[in-house]
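# Chains, contacts and geometry: an overview
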Amino acid sequence: MNRSLMNKYSYHLLQSNKNEYIGIFLKIITIRKYKALHDKMVAKFHRCTKIVLGKCGSKDAAFLIQNAFPITEDYLDHIHTLQGNPLTLHATTAKTVVDCLNNNLMLNKRGVKLFFADIDRLFQLMVNHFNAQNADDNSSNVSDSTDQTTTSPKADEKR
């Protein structure tokens, strides 16, 4: 992807409980652009799991669950910091983001496609890559499950 385009957005890294090598990236963007869409979905469905509105650091932000995609640390170039400390999410926001992502991953496994990226295919490609690398080392295979994520200590990433 064009590096200048990647620099426009911030991302939050969620680490898989079952896979230490692959995380899930969520796009973070200013809230004003997605608040109306979020509110429209809440009015229609009484909840919205594709977009989470919350706090990132001290600012209001929209977390685009629908834009989530798997990633390895090979593609991370730095941690987004504020005054030298990794930027963190408000605890309530972090819980909501993880709950919505886990809900959408569960629905995705049932065949309901809520993500723009083909996360199952991308995740499997990464698993196959790690398994091929580890075959010579007789290491245990990387799990191929994208179930259950938690917030990473690496907090927010900005590319």
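The structure this text deals with has already been given above.
### Some details on the overall build of the protein chain
- A count of helical and extended segments in the protein chain gives 4 helices and 7 strands.
- Secondary structure elements in the protein chain, listed N-terminal to C-terminal, are α-β-β-α-β-β-β-β-α-α-β.
- Out of the 159 residues belonging to the protein chain, those deemed buried represent 43%.
- A fraction of 69% describes how many contacts in the protein chain between residues 6 or more apart in sequence connect residues 24 or more apart.
- Summed over all atoms, the accessible surface of the protein chain reaches about 9300 Å², with 51% contributed by carbon and sulfur.

### Some details on the state of the cysteines
- Scanning the model with the defined rule gives 0 disulfides in all.
- Here C48 is not cross-linked by a disulfide; its sulfur's nearest cysteine counterpart is in C100, at 7.4 Å.

### Side note on the side chain of N108
- Here N108 is to be found in helix α3 (residues 91-109).
- Sequence-distant contacts of N108, defined by excluding residues within four places in its chain, comprise K113, L114, F115, I119 and D120.

### A short note on helix α2 (residues 31-45)
- For α2, which comprises 15 residues, the first-to-last C-alpha distance of 20 Å matches the rise-based estimate of 21 Å (1.5 Å per residue) to within 8%.
- Among the residues making up α2, those that are buried are Y34, H38 and M41. Taken around the axis of α2, the buried residues stretch over an arc of 60 degrees, which confines them to a single face. Along α2, the residues that are exposed and aim more than 90 degrees away from the buried face are R32, A36, K40, A43 and K44.
- Each element contacted by the buried residues of α2 is listed here: β2 (22-30), β3 (51-56) and β4 (59-72).
- At the C-terminal side of α2, H46 shows a positive phi close to 70 degrees.

### What about the pairing of β2?
- Burial of β2 is extensive: 8 of the 9 residues sit out of reach of the surface.
- Where β2 lies against β4, 8 bridges are found, and the strand directions are antiparallel. From the neighbouring strand, G23 faces β4, where its bridge partner is I71.

### Let's talk about helix α4 (residues 119-135)
- Look at α4: 24 Å from first C-alpha to last across 17 residues, which is about the 24 Å you get at 1.5 Å a residue.
- The set of residues buried in α4 consists of I119, F123, M126, V127, F130, N131 and N134. Down the axis of α4, the smallest arc covering the buried residues is 135 degrees, so these residues share one side.
- On its buried face, α4 is in contact with β2, β4 and α3.

### Points about unusual backbone geometry
- One non-glycine residue, H46, lies in positive phi territory at about 70 degrees.
- Taking the relative accessible area as the measure of exposure, H46 reaches 70% and is therefore exposed.

Calculation criteria
Residues numbered from 1 in each chain as written. Predicted model: local features only at pLDDT ≥ 70, side-chain atom pairs only at ≥ 80, totals over all residues. Heavy atoms only, no water. Helix = DSSP H or I, 4+ residues; strand = E, 2+ residues; numbered from the N terminus. Buried < 20%, exposed > 50% of the residue type's maximum accessible area, 1.4 Å probe, protein only. Contact = heavy atoms within 4.5 Å. Areas by Shrake-Rupley, 256 points an atom, 1.4 Å probe, with all protein chains shown as cover. Disulfide = S-S within 2.5 Å. Expected span 1.5 Å × (residues − 1). Arc of directions from axis to C-beta. Pairing = 2+ DSSP bridges.

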